[in-house]
Amino acid sequence: ERMALPQRIVFPPEKICMDWQQRQRPGAGLFNLGNTCYINVILQCLTYTPPLANYLLSHEHSQTCQQQGFCMMCTMEAHVRKVLCSSASAILPGAVLRDLKFIGEEFEYGRQENAYEFLRCTLNAMHRACLSGHCNSDVSSQETTIVHQIFGGFMKSRVTCLSCQAVVDSCKAFLDVSLDIRAASSLITILEDCVTPKQLDQKECFRCNKCKKKAAASKKVTVHHAPRVLTLCLERADQWTGTKISKFVEYPEYLDLRPYMSDTAGEPLLCSLFAIVVHSGDTCLEGHFLCYTKASNGLWYKMDDESVDNCDIDTVLGQQAYLLFYVR
């Protein structure tokens, strides 16, 4: 299937600015009101996502927002401005905590939740806010909001009939990629495994349109369109036992996406690490989240709720990372 072209562009990609517009020391830390560390780490990682922060600091959304009541983009705009412009050492993310139910129905104030789920719900809430007035657009047009233009990419799935070599391609949009870390010790190994063709088992029986019969087939998944900001989740909850996978998985400061693209020829697609989320604790249902982010001054900081402390890249690369954020 060919990717359907959008009938209209909600947010023009040429308006996205990838480099920080203003360079400054890091902003404020965030107070923890009891089990709100999962919220704090995601807010901090998004605050230090250069193209998103540039857009939010420009006030472009709030100046034209028609939303009645809760709007996640307006909430984030106010939050990022408060964090980066405050002279206080820490602030309270009050608006986000107050409207938690609007961000995700499953979130309950005071209860420990998962940072990855909060990230997904936050991006979806921001995406919905950008679609105000565009809800009747086709799906491809809806995938051109500022959220999709920054975090969105397309995965291509190619199924090849092993009998006649006929291929069937399909594409799917994504805002983040979740990776199984059980069998690997490095991010590069995991990504290489992802793009290696795998034979479909009998339960996923493939009916070939050319052979006109069920046939053995292989499937290969590649990145068809790379996002400007790549968000990776290293799955630390074992799918079968539910126990936490506490091993170290090596990840680079700079990542070339070209080997994992549908088109492996051409210029390198270099991404730079700018934020990570770490979960500390023996099980996935409890413990604590903290993050490491790269501020606009180019320096790394450990952000643990209200505390914001200098650190170096070696410290960042030595963590048991849960979420990785790379920017093109």
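Right, let's walk through the structure included here. (Residues numbered from 1 in each chain as written. Predicted model: local features only at pLDDT ≥ 70, side-chain atom pairs only at ≥ 80, totals over all residues. Heavy atoms only, no water.)

**Some words on the state of the cysteines**
Under the counting rule described, the total for this entry stands at zero disulfides. Summary of cysteine pairing: Cys161 is not part of a disulfide, and the nearest cysteine sulfur, belonging to Cys211, is at 3.8 Å. Its relative accessible area of 0% is what places Cys161 among the buried residues. Looking at the unpaired Cys211, the closest cysteine sulfur is the one in Cys164, lying at 3.4 Å. (Disulfide = S-S within 2.5 Å. Buried < 20%, exposed > 50% of the residue type's maximum accessible area, 1.4 Å probe, protein only.)

**Thoughts on the packing of helix α1 (residues 37-47) against helix α7 (residues 115-130)**
What describes two packed helices is the angle between their axes and the distance between those same axes. Across the interface, α1 lies against α7 with an axial gap of 9 Å and an inter-helix angle of 50 degrees. One element, α1, and the other, α7, form an angle in the oblique class. Our pair here, α1 against α7, has a crossing hand that is right-handed. Seen from α1, the contacting residues are Tyr38, Ile39, Val41, Ile42 and Leu46; seen from α7, they are Ala115, Phe118, Leu119, Thr122 and Leu123. (Axes fitted to C-alpha atoms, helices over the stretch in contact; angles between N-to-C directions. Helix = DSSP H or I, 4+ residues; strand = E, 2+ residues; numbered from the N terminus. Parallel < 35°, antiparallel > 145°, perpendicular 65-115°, else oblique. Left-handed = near helix turned anticlockwise from the far one by under 90°. Contact = heavy atoms within 4.5 Å.)

**Regarding the pattern of salt bridges**
Using the criterion set out here, one finds nine salt bridges in the structure. For Arg98, the salt bridge goes to Asp99, with nearest N and O atoms at 3.7 Å. Residue Arg98 is classed as exposed on the basis of its relative accessible area, which comes to 63%. When the shortest N-O distance is used, the salt bridge between Arg158 and Asp169 registers 2.7 Å. Within this pair, whereas Arg158 is found in strand β3 (residues 153-161), its partner Asp169 is found in strand β4 (residues 167-174), the two being separated by eleven residues in sequence. Residue classification places Arg158 among the partly exposed residues on the basis of a relative accessible area of 33%. (Salt bridge = Lys/Arg side-chain N within 4 Å of Asp/Glu carboxyl O.)

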